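Coordinate inspection notes
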Amino acid sequence: MSSPFIWLQHALPHHAVSRGAGKIASSEVPFIKNTLIRRFIAAYNVDMSEAARGVEEFRSFNDFFTRELSPGMRPLADSATHILSPADGAVSQIGKIEDDRIFQAKGRHFTASQLLGGDAEAAKRFEGGSFATIYLSPRDYHRVHMPAAGSLRSTTYVPGELFSVNQVTAENVDGLFARNERLSCLFDGPDGLFASVMVGAMIVAGIETVWNGLVETHNPRLVREEFSADNHAFKAGDEMGRFILGSTVVLLFEPGRVEWDASLKAGEAVRMGQAIGKRLQPKAGA
């Protein structure tokens, strides 16, 4: 614990703080929600010119935080040849999965099997593959989209802690992204099996998906759910979920499927829909 900030995170009751923040953020009292929204916009320099609605139109702070963008604000790159960024944010780390290990920060790693809630079978398929960790800052658009086409295969809600997920914490807390509460989503598609893992963080009041709505977070029990491939098929760029405050998305792809853009380094800003890598084995017609 190298700083008061890290010490404080260890000391705080993560889930109690997040539940309390969630209650305030869900208030629909006009004075409360408008004050919260305006102060947040000013504090984090949120670009409201991109938003489809104005401050007065949001039902609550949570509604504002998960705001939709005006049409055309995030044009999609060519998904026939590229993998798309699933969210606005910044690259935390990007690279290869080696010996089941995913690089977090200098001297710190976590494993694919840990990240996926102990799903050793899926983790084995990602060995030697590619990962990308994208951090969503408070000012960012917080809906999460599909990096590639795929059909939902399974989800795993993994209980855990709720550390902050910024760079300072990533450099100081072991196994951060496999330690925090998260929802692992596995998809089958033309790019093989891939995962999009939505990682919670301090004051994250919830995670939603487009197929099940609000996930039961702050739950001590691991919950795995299987899905029929026919029921939830998505195109690249489709919305798949959103964070109610927070956080981070970790993508995993099988070996030989993705070549990341060489210009993407830690700290590089990305926008939802931009090309972040080349598809190496797209199937005909995909």
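Just so we're clear, the structure is a prediction, and the values are computed from it rather than from any experiment.

**Things to note about the overall build of the protein chain**
Within the protein chain one finds seven helices and 18 strands. Contacts in the protein chain between residues at least 24 apart in sequence constitute 77% of all its contacts with a sequence separation of at least 6.

**Considering the pattern of salt bridges**
When charged atoms on two side chains of opposite charge get close, those side chains can pair. In the structure shown here, the tally under the stated rule is 15 salt bridges. Ionic pairing is found between R271 and E50, a salt bridge with its closest N-O pair at 2.5 Å. Of this pair, R271 sits in the loop between β17 (269-270) and β18 (275-279) while E50 sits in the loop between α3 (30-44) and α4 (61-65), and the two are 221 residues apart along the sequence. The buried category is assigned to E50, whose relative accessible area is 11%. With its nearest N and O atoms 2.7 Å apart, the salt bridge here joins E239 to R242. Bridged by salt links that share partners, the residues R53, R59, D63, E68, R143, E208, E239 and R242 form one connected network.

**A word on the environment of D238**
Mapped onto the secondary structure, D238 falls in the loop between β13 (233-234) and β14 (239-244). Classification of D238 as partly exposed rests on a relative accessible area of 24%. Apart from the residues within four sequence positions on either side, D238 is in contact with V144, H145 and M146. Here the side chain of D238 touches K235 through a polar contact of 2.8 Å, landing on its backbone nitrogen.

**Brief notes about the environment of A77**
You can see A77 is positioned in the loop between α4 and β1 (82-84). Discounting chain neighbours no more than four positions away, the residues touching A77 are L84, G273, Q274 and A275.

**With respect to the confidence of the model for the protein chain**
One rule of thumb: low pLDDT means the predicted coordinates there are not for detailed reading. Summary statistics for the protein chain give a mean pLDDT of 85 and a share of 83% for residues scoring 70 or more. The least confident element of the protein chain, judged by mean pLDDT, is helix α1 (residues 4-11) at 39; the most confident is β1 at 98. Here residues 4-20 is a poorly scored stretch, pLDDT under 50, and it has 40 contacts once near neighbours within four places are set aside; other chains count.

**Some points on the packing of aromatic side chains**
On inspection of all chains with the given rule, the structure shows 14 aromatic pairs. A ring pair is formed by F40 and Y44, whose centres lie 4.7 Å apart and whose planes are at 40 degrees; its orientation type is tilted. Of this pair, F40 and Y44 both sit in helix α3, four residues apart, which is roughly one turn of the helix. Overall, F40 belongs to the buried group, its relative accessible area being 12%. Members of the aromatic cluster, joined through ring pairs, are F187, F194, W211, F227, F234, F253 and W260.

**Looking at the environment of S263**
Tracing the sequence through the fold places S263 in the loop between β16 (258-260) and β17. Accessibility expressed as a relative area gives 44% for S263, which makes it partly exposed. In the structure, S263 is positioned 14 residues away from G277 in sequence and 10.0 Å away in space, judged by C-alpha atoms. Of the polar contacts made by the side chain of S263, one reaches the side chain of D261; its length is 2.8 Å.

**Topic: the sheet that holds strand β6 (residues 143-145)**
Judged by pairing direction, the sheet is antiparallel, and its four strands sit side by side in the order β6-β14-β10-β11 without closing on themselves. With one partner strand each, in any of the chains shown, β6 and β11 (213-214) form the two edges of the open sheet.

**Here's the deal with the nonpolar core**
Formed by 31 residues in total, the largest nonpolar core has its most connected members in F187, W211 and M240. When contributions to this core are tallied by element, the ones reaching two or more residues are β5 (130-135), β7 (150-158), β8 (182-189), β9 (192-199), β14, β15 (248-253) and β16. For F187, the residues in contact, after removing those within four places along its chain, are M146, G150, S151, L152, R153, G192, L193, F194, S196, W211, F234 and M240. Counting residues in each nonpolar core, the second largest holds 20 residues, with I97, A122, F131 and A178 among its members.

**A short note on unusual backbone geometry**
The phi torsion at D99 lies on the positive side, around 55 degrees, for a residue other than glycine. With respect to the helices and strands, D99 occurs in the loop between β2 (89-96) and β3 (101-105). On the basis of relative accessibility, which here comes to 64%, the residue D99 falls in the exposed class. The phi dihedral of D100 falls on the positive side, at around 70 degrees, and the residue is not glycine. Within the element layout of this structure, D100 appears in the loop between β2 and β3.

What counts and how
- Residues numbered from 1 in each chain as written.
- Predicted model: local features only at pLDDT ≥ 70, side-chain atom pairs only at ≥ 80, totals over all residues.
- Heavy atoms only, no water.
- Helix = DSSP H or I, 4+ residues; strand = E, 2+ residues; numbered from the N terminus.
- Contact = heavy atoms within 4.5 Å.
- Salt bridge = Lys/Arg side-chain N within 4 Å of Asp/Glu carboxyl O.
- Buried < 20%, exposed > 50% of the residue type's maximum accessible area, 1.4 Å probe, protein only.
- Polar contact = N/O pair within 3.5 Å; in protein donor to acceptor, adjacent residues only side chain to side chain.
- pLDDT = per-residue confidence, 0-100.
- Phe/Tyr/Trp six-rings, centres within 6.5 Å; stacked < 30°, edge-to-face > 60°.
- Pairing = 2+ DSSP bridges.
- Core = buried A, V, L, I, M, F, W, Y, C linked by side-chain atoms within 4.5 Å.

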